[in-house]
Amino acid sequence: MNTLQELTLTRPDDFHLHVRDDAQMQAVLPFSARQFARAIIMPNLKPPVVTTALAAAYRDRILSALPDALKHRFEPLMTLYLTDDTAPPEILRAKNSGIVHGVKLYPAGATTNSAAGVTDIARCYAALEAMEKNDMPLLVHGEVTDPSIDIFDREKIFIDTVLTPVIRRFPGLRVVFEHITTQEAADFVAAAPDTLAATITAHHLRYNRNAIFQGGIRPHYYCLPVLKREHHRQALTRAATSGSKKFFLGTDSAPHPCALKENDCGCAGIFTAHAAIELYAEAFEQAGALDRLEAFASFNGADFYRLPRNTARITLRKTPWQIPERIDFAGDMLIPLAAGEMLGWKML
Ligand code: NCD
Ligand code: ZN
């Protein structure tokens, strides 16, 4: 049998991306802009992007950080950071701006830069109602923060205690369950109404939680939600390759300086933008589903967000290449996922 040597896809979009800011952004943004036409930009800066005015200023900084060759070719899709105090008029401003495409719920303390997040979802009901009315999607970091709940169970409990009540109360609200990591989440999304969709990262398709502990503690495999057991990885792979329109690409590429990862309290976040589409291609190939990659990477997310599908195309070639050991990160060092390893697919 002939194995496929070249793969041409509609240019994909990344529906969950951290590009940071300033010099750090300058270092990582070209990786994403080279591969993707658009990306949903996470608002968890310090301080967070809580208003449309801040989102517009951040968008301008992103556009000016693009290298000349990628200018006018990459569109940042901005988001607001939901807080206990987000007021309905801010939602209206966001909608009318045309540049804000979602509002992100971080339960307070759930992950990197989430201290200003939501302490109790009930405090956001007015904002959620305005989002439902104005057709502004809610993007959720789906983990509870109760320290007495086992870290591997936090996504599952979030479904029962937060997500289900929100979906019931606001049936018209479009919700993206970001970076799902469990079979329970995949099943829940598949069975839910079409207003609920989910993103899946390349690292959650590629690894299970053993990767964090392989021969010692491996901080570069630590992210939130944390990697789970193998059967969850398999369930995510089935969901991503199922052909369902509810699942789409969101890398959650989240760069941190090496010294803050290799630390006695290492940051959560895995950088994958350097080889994002190639990492997904490998995962789909291993599942025997390369023919489903285009819908997952280039169609389903655009359709859910009601954006036009991209028309440009990209080509991946079967050419083994070595992922760099490190990347310069504004004078710091950034360790990319699978540093030093060989990848089979390369985007031309
Ligand atoms: C993200 C970050 O570093 O900003 N970290 C992560 O582990 N995914 C935040 C997030 O998306 O949870
Ligand atoms: Zn993220």
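To start, this report covers the structure provided alongside it. Source: prediction; values computed, not measured.

So, how was this worked out
- Residues numbered from 1 in each chain as written.
- Chains lettered and ligands numbered in written order.
- Predicted model: local features only at pLDDT ≥ 70, side-chain atom pairs only at ≥ 80, totals over all residues.
- Heavy atoms only, no water.
- Near = heavy atom within 4 Å.
- Polar contact = N/O pair within 3.5 Å; in protein donor to acceptor, adjacent residues only side chain to side chain.
- Areas by Shrake-Rupley, 256 points an atom, 1.4 Å probe, with all protein chains shown as cover.
- Nonpolar A, V, L, I, M, F, W, Y, C, P; charged D, E, K, R; others polar.
- Donors = N, O, S within 2.8 Å, 3.2 Å for Na, K, Ca; no water.
- Tetrahedral: all angles 85-135°; square planar, octahedral: opposite > 155°, others 65-115°.
- Helix = DSSP H or I, 4+ residues; strand = E, 2+ residues; numbered from the N terminus.
- Buried < 20%, exposed > 50% of the residue type's maximum accessible area, 1.4 Å probe, protein only.
- Lys, Arg positive; Asp, Glu negative; His and termini not counted.
- Salt bridge = Lys/Arg side-chain N within 4 Å of Asp/Glu carboxyl O.
- Contact = heavy atoms within 4.5 Å.
- Pairing = 2+ DSSP bridges.
- Axes fitted to C-alpha atoms, helices over the stretch in contact; angles between N-to-C directions.
- Right-handed = clockwise from strand over helix to strand, strands pointing away.
- Phe/Tyr/Trp six-rings, centres within 6.5 Å; stacked < 30°, edge-to-face > 60°.
- Lys NZ or Arg CZ within 6 Å of the ring centre and 35° of its normal.

**Details of the site of ligand 1**
- Not every one of the 15 residues close to ligand 1 is listed here, only the nearest: N44, T111, L224, D252 and H256.
- R20 is positioned with one of its side-chain polar atoms (N or O) 2.8 Å from an oxygen atom of ligand 1.
- Considering ligand 1 on its own, with 310 Å² of exposed area, one finds that the protein chains cover 100% of that surface.
- In terms of residue class, the shell around ligand 1 is made up of 4 nonpolar, 9 polar and 2 charged.

**Quick notes on the coordination of the zinc ion (ligand 2)**
- The protein atoms that coordinate the zinc ion (ligand 2) are H16 (NE2), H18 (NE2) and D252 (OD), at distances spanning 2.0 to 2.1 Å.
- Coordination at the zinc ion (ligand 2) is irregular: its 4 donor atoms span angles of 92 to 140 degrees at the metal.

**Describing the side chain of K104**
- Topologically, K104 is positioned in strand β5 (residues 100–105).
- No salt bridge is formed by the buried K104, whose closest oppositely charged neighbour, E178, lies at an N-O distance of 5.4 Å.
- There is a polar contact of 3.5 Å between the side chain of K104 and the side chain of Y106.
- Excluding anything up to four places from it in sequence, K104 contacts H16, M42, P43, L80, Y81, L82, L139, V140, H141 and E178.

**Some words on unusual backbone geometry**
- The peptide bond linking K46 to P47 adopts the cis configuration, its omega dihedral lying at -5 degrees.
- Relative to the elements of secondary structure, P47 occurs in the loop between β3 (38–41) and α2 (52–65).
- Although it is not a glycine, D22 sits at a positive phi angle of roughly 50 degrees.
- Along the chain, the position of D22 falls in helix α1 (residues 22–35).
- The exposure class assigned to D22 is exposed, which follows from its relative accessible area of 53%.
- Non-glycine residue N113 carries a positive phi angle of around 50 degrees.
- Of note, N113 is situated in the loop between β5 and α4 (125–134).

**Regarding the sheet that holds strand β8 (residues 196–200)**
- The strand order β2-β3-β4-β5-β6-β7-β8-β9 describes an open sheet built from 8 strands, whose pairing is parallel. Lying at the two open borders of the sheet, with one neighbouring strand each, are β2 (14–17) and β9 (247–249). Neighbour-to-neighbour, the strand axes of the sheet open up by a mean angle of 30 degrees, direction not taken into account.
- By the bridge criterion, 3 bridges tie strand β6 (residues 138–140) to strand β7 (residues 175–177) in an arrangement that is parallel. In the sheet register, L138 faces β7, and the bridge partner there is V175.

**Some words on the pairing of β3**
- Covered by surrounding structure in β3 are R38 and I40 together with A39 and I41, the residues of both alternating faces.
- With α1 bridging β2 and the parallel β3, this β-α-β connection has right-handed handedness.
- Summarising the sheet, β3 and strand β4 (residues 75–81) pair through 3 bridges and their orientation is parallel. Bridging from a neighbouring strand, A39 pairs with P76 of β4.
- Once you follow β3 into α2 and on to β4, the crossover reads as right-handed.

**Describing the packing of aromatic side chains**
- Going through the model one piece at a time under the given rule, you end up with 12 aromatic pairs.
- Between the aromatic rings of F248 and Y305, the centroid separation amounts to 6.3 Å while the plane-to-plane angle is 70 degrees, which identifies the pairing as edge-to-face. Taken together, the positions of F248 in strand β9 and Y305 in the loop between α11 (293–304) and β10 (313–322) put the pair 57 residues apart, joining distant regions of the chain. For the pair shown, F248 and Y305 are each scored as buried.
- One residue, R174, lies across the ring of F304, its end atom 5.8 Å from the ring centre.
- Looking at K346, its charged tip hangs above the ring of W321, at a distance of 4.2 Å from the centre.

Nothing here speaks to function; it is all geometry.
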